[in-house]
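Spelled out, the chains give:
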Amino acid sequence: MKVSKTIMVAIAALTVAGSVTQGAEKDPLIAQDPVVLRFVERAIPYYPDSSFTVVADDRKQTPSGSYRIVRVSRTCENRILTGEPSVVIDEVTGIAYLGSVGELPFEQTGTSPRSLRPFLEGFLPDVLQRNLNMKIRVSWDAPEGSISGAITPFSLIVDTGYGEFARPAAVTSDGNYLIMGTGMPLDGDPVAIRRELFDASDFVLWDHAGEDGAPVEIVEFSDLECPACKGKWPMVKQVIEANSGSIRHGMVSFPLTSIHPWAFRASSATWCIGEQGRELVIPFKELFYDLQREMAVTEVTPTSMDFVVGHDLDEAAFRACYLRAPSLQAVHSQLALGNLVGVNATPTYFVNGWMIQMPAEDWFPKFISLLAEGREP
């Protein structure tokens, strides 16, 4: 089967910052939907002085209802974050899906929407394996044969080599579009929804910076093999230390297993270290950042054990956790949490629920101070 260029580009965007195109001009005939604009502004990565404009709004009709594909242009000083994210809205359920959106090479003539399931079950594993080195299988959330709206959610069950976790996706019931992302109520607040998810999660390693009830919560999704994570951490750490007592910081491992061979092992060790002492998570992370260029798969275990011994931790407890069920389940749950809140690159930070991918020294400290005062950015 020939795969369209559009779907390949959209799927490739899984490892970066969502589906982004540039260059479209504002059409004065397109209505500026304030609900959609507010949703997108609060769902995508924050950057100061951004402007948002609806540049396309197409409604599609299916036998199970209608959906809209809305393209919103975001302009800001950051070239990477300037672009046109797409949001796909199920008008039956009121759920909006934000993520990579691509056209499917699904032949509709003489077929029913139900045939989408075997098509995707055969199509997606091969495409993702060949193009992203990602081993997956498809699992359907809805009961067999039922379509509750114009968009059907399902899960990609991703094999990390150490087990599996679920990654959200969806498909329009006409078989035209695949969405790699999770859905939220269009009339909801993505910022508040994400903060509630973090507060309720058992898989955020809250460290010693700040206490429960701190006015600012920073949740960090990092990969210890990620050079950008290492590069951004000194600035983020400086902000945390400058606001000691006002910030509660939490670490969530998000190992990019398709491109980083030792990241999952380091994530497992991070969890096990955190189980014995949350205040040790940052020193352990910084150790691996310092050794990042020299580190290898075979060195993760002895390096971690040296840290355990050097900090007088329980060696037997660490061995019972490391690369065993407790930490494997935890890291897979951390990956699932990241995908649920829209993480698709590392590092990604969430500050009181606001997604931050490109923090910069000229505005990030001011952003933190604003939130500490109880104000919106």
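Owing to the predicted nature of the structure, the values given are computational and were not obtained by experimental measurement. (Residues numbered from 1 in each chain as written. Predicted model: local features only at pLDDT ≥ 70, side-chain atom pairs only at ≥ 80, totals over all residues. Heavy atoms only, no water.)

## Topic: the sheet that holds strand 4 (residues 95–98)
- What the five strands build is an open sheet, ordered 1-2-3-4-10; its pairing is antiparallel. At either margin of the open sheet sits one strand with a lone partner, and together these are strand 1 (51–62) and strand 10 (183–185). Adjacent strand axes in the sheet meet at a mean angle of 25 degrees, parallel and antiparallel pairs treated alike.
- By the bridge criterion, 11 bridges tie strand 1 to strand 2 (residues 65–75) in an arrangement that is antiparallel. Each residue of the ladder has a partner; that of Lys 60, found in strand 2, is Tyr 67. (Pairing = 2+ DSSP bridges. Helix = DSSP H or I, 4+ residues; strand = E, 2+ residues; numbered from the N terminus. Axes fitted to C-alpha atoms, helices over the stretch in contact; angles between N-to-C directions.)

## Some words on unusual backbone geometry
- Cis geometry marks the peptide bond from Thr 346 to Pro 347, where omega comes out at -5 degrees.
- Topologically, Pro 347 is positioned in the loop between helix 10 (325–340) and strand 14 (348–351).
- With a phi angle near 55 degrees, Leu 323 is a residue other than glycine that sits in the positive phi range.
- Structurally, Leu 323 is set in the loop between helix 9 (315–321) and helix 10.
- Positive phi values are uncommon outside glycine, yet Asn 352 reaches one of about 50 degrees.
- Structurally, Asn 352 is set in the loop between strand 14 and strand 15 (354–356).
- Residue classification places Asn 352 among the buried residues on the basis of a relative accessible area of 9%. (Buried < 20%, exposed > 50% of the residue type's maximum accessible area, 1.4 Å probe, protein only.)

## Describing the pairing of strand 12 (residues 216–222)
- Of all seven residues in strand 12, seven are buried; the element is thus mostly enclosed.
- What you see with strand 12 is no split at all: Val 216, Ile 218, Glu 220 and Ser 222 on one side and Glu 217, Val 219 and Phe 221 on the other are buried throughout.
- Relative to strand 13 (residues 247–253), strand 12 runs parallel, the two sharing seven bridges. Looking at strand 13, one finds that Glu 217 is bridged to Arg 248.
- As a crossover connection, the stretch from strand 12 through helix 5 (residues 227–242) into strand 13 is right-handed.
- Relative to strand 14, strand 12 runs antiparallel, the two being bridged by four bridges. Bridge pairing in strand 14 places Phe 221 opposite Thr 348. (Right-handed = clockwise from strand over helix to strand, strands pointing away.)

## Structural notes on the pairing of strand 4
- As judged from the four bridges shared by strand 3 (residues 86–90) and strand 4, these two strands associate in the antiparallel manner. Bridge pairing in strand 4 links Asp 90 to Ile 95.
- Turn length for the strand 3-strand 4 hairpin, with the two strands adjacent in sequence and antiparallel, is four residues, and the turn residue Gly 94 shows positive phi of about 75 degrees.
- Taken together, the three bridges between strand 4 and strand 10 define a ladder with antiparallel strand orientation. Paired with Tyr 97 across the two strands is Gly 183, which belongs to strand 10.

## Some thoughts on the packing of helix 7 (residues 281–290) against helix 8 (residues 297–310)
- Orientation of helix 7 relative to helix 8, taken along the N-to-C sense of each, is 140 degrees, at an axis distance of 11 Å. Taken as axis vectors, helix 7 and helix 8 run oblique relative to one another. Helix 7 and helix 8 meet at a crossing whose hand is right-handed. Contacts from Pro 283, Phe 284, Leu 287 and Phe 288 in helix 7 reach Val 300, Thr 303, Ser 304 and Phe 307 in helix 8.
- Residue composition of the contact of helix 7 with helix 8, grouped by class: six nonpolar, two polar and no charged. (Parallel < 35°, antiparallel > 145°, perpendicular 65-115°, else oblique. Left-handed = near helix turned anticlockwise from the far one by under 90°. Contact = heavy atoms within 4.5 Å. Nonpolar A, V, L, I, M, F, W, Y, C, P; charged D, E, K, R; others polar.)

## Thoughts on the environment of Asn 344
- Mapped onto the secondary structure, Asn 344 falls in the loop between helix 10 and strand 14.
- Taking the C-alpha atoms as reference, Asn 344 lies 9.4 Å from Phe 254; in sequence the two are 90 residues apart.
- Within the local environment of Asn 344, its side chain forms a polar contact with the side chain of Gln 357, the two groups lying 3.3 Å apart. (Polar contact = N/O pair within 3.5 Å; in protein donor to acceptor, adjacent residues only side chain to side chain.)

## Some details on the nonpolar core
- Among the nonpolar cores identified, the biggest contains 50 residues, and Val 351, Phe 364, Phe 367 and Ile 368 are the most heavily contacted of them.
- Of all the elements, helix 5 adds the most residues to this core, at six residues.
- Ignoring any residue separated from it by four or fewer positions in sequence, one finds Phe 364 in contact with Met 235, Val 236, Val 239, Val 351, Ile 356 and Pro 359.
- If you look at the next biggest cluster of nonpolar residues, it comprises 38 residues, including Leu 116, Trp 140, Val 219 and Val 252. (Core = buried A, V, L, I, M, F, W, Y, C linked by side-chain atoms within 4.5 Å.)

## Focus on the sheet that holds strand 13
- If you walk across this open sheet you meet the five strands as 11-13-12-14-15, and the pairing is mixed. Unpaired on one side and paired on the other, strand 11 (205–206) and strand 15 mark the two borders of the sheet.
- Across the sheet, helix 4 (residues 190–200) is in contact with strand 11, strand 12, strand 13, strand 14 and strand 15; its angle to strand 12 comes to roughly 80 degrees.

## Here's the deal with the pattern of salt bridges
- For the coordinates displayed, the defined rule picks out 15 salt bridges.
- Between Arg 137 and Glu 164 there is a salt bridge; the shortest N-O distance is 2.9 Å. With a gap of 27 residues between them, Arg 137 in strand 6 (residues 135–140) and Glu 164 in strand 8 (residues 164–172) connect regions that are remote in the sequence.
- For Arg 137, a relative accessible area of 43% translates into the label partly exposed.
- The class of Glu 164 is partly exposed, set by a relative accessible area of 40%.
- The closest approach of N and O atoms between Glu 217 and Arg 248, which form a salt bridge, is 3.3 Å. Taken together, the residues Glu 217 in strand 12 and Arg 248 in strand 13 connect sequence positions 31 residues apart. Across this residue pair, the class does not change: Glu 217 and Arg 248 are buried.
- Here the residues in one salt-bridge network are Asp 33, Asp 57 and Arg 68, joined through shared partners. (Salt bridge = Lys/Arg side-chain N within 4 Å of Asp/Glu carboxyl O.)

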